[in-house]
Amino acid sequence: MKAIVVTDQAAGAAGLTLADRPTPDPAGNDVLVEVHASGYTPGELTWEGTWTDRLGRDRTPSVPGHEMAGVVAALGYGTAGLAVGQRVFGLADWTRDGTLAEYVAIEARNVAPLPGDVDFTVGASLVISGLTAWQGLFVHGQVQSGQSILVHGAAGGVGSIVTQLAKEAGAYIIGTGRAADRHAALGYGAQEFVDLENDSLADVGGVDLVFDVIGGDIGAQSAALIRPGGTLVTIAGPPEVWPTHGRAIDFVVEADRAQLGELAARVRDGRLRTNIDNVVSLDDAVTALNPKTRAKGKTIVRVRP
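None of these values were measured; they are calculated from a predicted model.

Scoring rules and cut-offs
Counting from 1, residues in each chain are numbered in the order their sequence is written. Local features in this predicted model are restricted to residues of pLDDT 70 or higher, and side-chain atom pairs are both shown and tallied only at a pLDDT of 80 or more, whereas totals for entire chains, interfaces and linings draw on every residue. Computation of side-chain values: all heavy atoms of the structure, hydrogens and water removed. Going along the chain from the N terminus, every DSSP run of H or I of four or more residues is numbered as a helix, and every run of E of two or more is numbered as a strand. What the globule rule says is 2.2 Å times the number of residues to the power 0.38, and the radius of gyration is computed from C-alpha atoms. Working rule for contacts: check all heavy atoms of both residues, and any pair within 4.5 Å makes them a contact. All accessible areas in this document rest on Shrake-Rupley with a 1.4 Å probe, and a residue is counted as covered only by the protein chains that are shown. In this tally, Lys and Arg are treated as positive and Asp and Glu as negative; His is ignored, and so are the chain termini. Positions of charges follow a simple convention, taking NZ of Lys, CZ of Arg, CG of Asp or CD of Glu. Burial classes follow relative accessibility: with a 1.4 Å probe on protein chains only, a residue under 20% of its type's maximum area counts as buried, one over 50% as exposed, and anything between as partly exposed. Relevant arc is that of directions from the helix axis to the C-beta atoms, nothing else. As used in this record, nonpolar core signifies buried Ala, Val, Leu, Ile, Met, Phe, Trp, Tyr and Cys residues forming a set joined through side-chain atoms within 4.5 Å. A pair of strands is treated as paired once DSSP finds two or more bridges between them. Lines fitted to C-alpha atoms define the axes, with helix axes restricted to the stretch in contact, and inter-axis angles between N-to-C directions lie between 0 and 180 degrees.

(A) Representation of the overall build of the protein within the structure. Within the protein one finds six helices and 15 strands. Against the compact-globule benchmark of 19 Å for 305 residues, the protein has a radius of gyration of 19 Å, which places it among compact chains. Principal axes of the C-alpha set define a box for the protein whose edges measure 55 × 40 × 35 Å. Put simply, of all contacts in the protein between residues at least 6 apart along the chain, 64% involve residues at least 24 apart. Counting only carbon and sulfur atoms, one obtains 50% of the accessible surface of the protein, whose full area is about 13100 Å². Computed over 24 positive and 35 negative side-chain charges, the inter-centroid distance for the protein is 4 Å.

Here's what the structure looks like:
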């Protein structure tokens, strides 16, 4: 099969190459998925699991990409609940070859049925961003109707979904980003917008929840905005500053079939839309995943036409 591989950690995204790789065999409780569309997170080239297996052994050349949508091609021994030919989408394991390939072997529990009226590109774009947003808001942030939420990167891949889900939950949303992101953030449902390059975060006042995708100084400033009993949720690493009278949670997204189903249902009925900036073929993926300009949303690799 054709796949994007990496072999040199120091090279970063410049080390991505298109190569021929053996088609994986599904292990017990796996499914082999014929990948139709795949997502990619640039930060994963800094993750230990991209380069080593669970025992710390080098596993290069490795295939990056962890979100996919496709069709079940084969079942591993003992796999139940899915069928060959079924449309699915899901999150590949961090320490196994990923989804920037024509086939991926993935634990069956990590995928969910993809409705026939949801395009493969949309399904792939929904996995990491959607699960991150859902878990940050509802599992860790325990958002409630009427609360105020500061959403950093509200026009980005994760932030745009956070904003839409928070709006549906009845929260008051203050989005942040660059000046050029204002229109998009408001379009996703933010009631206010803060230009991080020109406005002062301190002027926001107190909020019940901060969803931080940036970290650093922005994360530190955000901690001071948390009201008593409020929560700072971050995916940018352990917070450097904690809220004085609240809590802080740093988490890594996990696969969850039920949550994927909730997200797909919202896409189907128009309550949720993903932020796709670019769709490219697998042959063109290496160039597309080394962008010369800032992406406004996710780049999705369409592996099959």
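(B) Here's a closer look at the environment of glutamate 254. If you trace the backbone, glutamate 254 turns up in the loop between β13 (247-250) and α5 (257-268). Using a relative accessible area of 56% as the deciding quantity, one classes glutamate 254 as exposed. For the pair formed by glutamate 254 and phenylalanine 120, sequence separation is 134 residues and the distance between their alpha carbons is 21 Å. The contact partners of glutamate 254, leaving out residues within four places of it in the chain, are Leu91, Leu131 and Gln135.

(C) Seen up close, helix α4 (residues 216-223). Listing the buried residues of α4 in full gives Ile218, Gly219, Ser222 and Ala223. Angularly, the buried residues of α4 cover 140 degrees about the axis, an arc narrow enough to put them on a single face.

(D) Geometry of the nonpolar core. By size, the foremost hydrophobic cluster in this structure holds 42 residues, and its most contacted members are Phe89, Leu137 and Ile149. For phenylalanine 89, the contacting residues outside a window of four places in its chain are Met68, Ala69, Asn110, Val111, Ala112, Pro113, Leu114, Gly123, Leu126, Val127, Leu260 and Ala264. Counting 31 residues, the second-largest nonpolar core is a separate cluster that includes Leu16, Leu82, Ala288 and Leu289.

(E) A look at the sheet that holds strand β10 (residues 192-195). The strand order across the open sheet built from six strands is β10-β9-β8-β11-β12-β13, with neighbouring strands paired in parallel fashion. Only two strands of the sheet have a single partner each, and these edge strands are β10 and β13. Mean inter-strand twist for the sheet, computed between neighbouring axes without regard to direction, equals 15 degrees. Note: strand β8 (residues 148-151) against strand β9 (residues 172-177), four bridges, orientation parallel.

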